[in-house]
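Tertiary structure, described
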Amino acid sequence: MFEQLQKTEARYAELEQLLASYETIQDKEQYSRYAKELSDIKERVSLFREYKKVTKEAEELESVLKEKHDKEYLDLAAKELPELKNRKLALEESLKVMLQGEDKDAGRDVIMEIRPGTGGSEAGIFAADLYRMYTKYAAKRNWNVESMSLNSTEVGGFKEVVFSVRGKDAYKRLKFESGVHRVQRVPQTEAQGRIHTSTATVAVMAEPQEVDLVIEPKDLRIDTYRSSGPGGQHMQKTDSAVRITHIPTGTVVACQDERSQGKNKTKALRILRARILDAKEQEDAKKLSQERKSQIGSGDRSEKIRTYNFPDRRVTDHRINFTSHQLEAVLEGELDEVSDALIKAEQDKKNERS
């Protein structure tokens, strides 16, 4: 535990230096990332430093009691020592609780991907509805949403949408959204008025820092091509779209939303890094099958996690048998009730195992 805390404290000091450097100050995006990381570990480091301070004071008092001093001074030291030891034990317990309950990705930003599943064009429309739900939820929690890749359909849906979410507790609250979402309703494209079932798949990935996953340039194949989009004055006259292939894993990411090739490349690399690390973590998790079964958010992309039933105006999360009859509110971004229930269920599972 203490080795981990020492590393965190060293990183805290490093971040303080980085935030004071001219290079970081000039790069607003990097500055924001470092500042957020510093904020995420500040409480832990403050508690650890207080623990070290109290430990040192207790050791010094123990040394004093072994030396020759006047009786009044020794009595005072003897009275203070038990208080310091109790304080030390309390701080140590607080640090243990903090580290045990900590999700290593809890403070991370996320990259989310939504793709239509079964259901034809209605599935694409449902994917767009989910994207709208998450962006509204992000706005209510003052998170920042950045569109990274949008591939629209002709009827107002999505073939794929990739976006990042940054803000306090973004990963903590969104990580449970990974899996298959199912909608039951009369589609806009259905003339007969029959109830139709469609699905969309949501992937939630903690956005890794560069230090989390080192990608060698030699392992990348980068292709550029002309972006498709509106014509006229907005017509792309340069090869601004970027496709990056990670050769060892075969992972492919393409970005064309930006008019700048450099910006598309940066976004593509962020998505690529998140996908590769997410695939590695899922593979590791599969090896711990029993542990996976005991978790609420397994992250299994094939797992049907939630149904949005329009005739009954209900939303049901199948993992915890939670049902809300506020369907319209949920789709308008009122997701706290659902995420609170999932967070509580996960904590209850942890408490059962401990």
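Anyway, here's the lowdown on the structure attached to this text. Values in this document were obtained by computation on a predicted structure and should not be read as measured data.

What counts, and where the lines are drawn
Residues numbered from 1 in each chain as written. Predicted model: local features only at pLDDT ≥ 70, side-chain atom pairs only at ≥ 80, totals over all residues. Heavy atoms only, no water. Helix = DSSP H or I, 4+ residues; strand = E, 2+ residues; numbered from the N terminus. Buried < 20%, exposed > 50% of the residue type's maximum accessible area, 1.4 Å probe, protein only. Contact = heavy atoms within 4.5 Å. Areas by Shrake-Rupley, 256 points an atom, 1.4 Å probe, with all protein chains shown as cover. Core = buried A, V, L, I, M, F, W, Y, C linked by side-chain atoms within 4.5 Å. Pairing = 2+ DSSP bridges. Axes fitted to C-alpha atoms, helices over the stretch in contact; angles between N-to-C directions. Parallel < 35°, antiparallel > 145°, perpendicular 65-115°, else oblique. Left-handed = near helix turned anticlockwise from the far one by under 90°.

1. Comments concerning the overall build of the protein chain
When helices and strands are tallied, the protein chain shows 10 helices and 11 strands. Taken across its 354 residues, the protein chain has 41% of its residues classed as buried. Put simply, 61% of the contacts in the protein chain that link residues at least 6 apart link residues at least 24 apart. Accessible area of the protein chain: about 20,000 Å², with a carbon and sulfur share of 48%.

2. Brief notes about the nonpolar core
Counting 37 residues, the largest nonpolar core has M112, I114, L130, Y134, V165, L174 and Y308 as its most contacted members. If you list the elements that add at least two residues to this core, you get β1 (110-116), α5 (121-140), β3 (158-166), α6 (170-174), β5 (196-206), α9 (327-331) and α10 (336-353). Per element, the largest residue contribution to this core is nine residues, and it comes from α5. Residues in contact with M112, not counting those within four places in the same chain, are Y134, V161, V162, F163, V165, L174, E177, V202, A203 and V204. The next biggest cluster of nonpolar side chains, apart from the first, holds 15 residues, and it includes M205, V242, V253 and A268.

3. As for the sheet that holds strand β4 (residues 179-185)
Read across the open sheet, the eight strands follow the order β2-β3-β1-β5-β4-β9-β10-β11; overall the sheet is mixed. The open sheet terminates on both sides in strands that have one partner only, identified here as β2 (144-152) and β11 (322-324). This sheet shows a mean twist of 15° between the axes of neighbouring strands, independent of strand direction. By the bridge criterion, five bridges tie β1 to β3 in an arrangement that is antiparallel. Bridge pairing links V110 to V165 in β3. Each of β1, β2, β3, β4, β5 and β9 (304-309) touches α5; the most contacted strand, β5, lies at about 45° to it.

4. With respect to unusual backbone geometry
Located in the positive-phi region is R313, a residue other than glycine, with phi close to 55°. Residue placement: R313 occurs in the loop between β9 and β10 (314-317). On the basis of relative accessibility, which here comes to 46%, the residue R313 falls in the partly exposed class. If you check the backbone angles, N321 has positive phi at about 55° while not being a glycine. Checked against the element boundaries, N321 lands in the loop between β10 and β11.

5. Some remarks on the environment of F322
Relative to the helices and strands, F322 is located in strand β11. A relative accessible area of 17% places F322 in the buried class. For the pair F322 and V338, spaced 16 residues apart in the sequence, the C-alpha separation amounts to 7.7 Å. Leaving out residues up to four positions away in the same chain, F322 has contacts with V315, T316, D317, E337, V338 and A341.

6. Some words on the packing of helix α1 (residues 2-20) against helix α3 (residues 28-65)
Where α1 contacts α3, the two axes come as close as 8 Å, and the packing angle between them is 135°. Viewed along their axes, α1 and α3 adopt a mutual orientation that is oblique. Seen along the crossing, α1 lies across α3 with a hand that is left-handed.

Any link to function would need more than the numbers given here.
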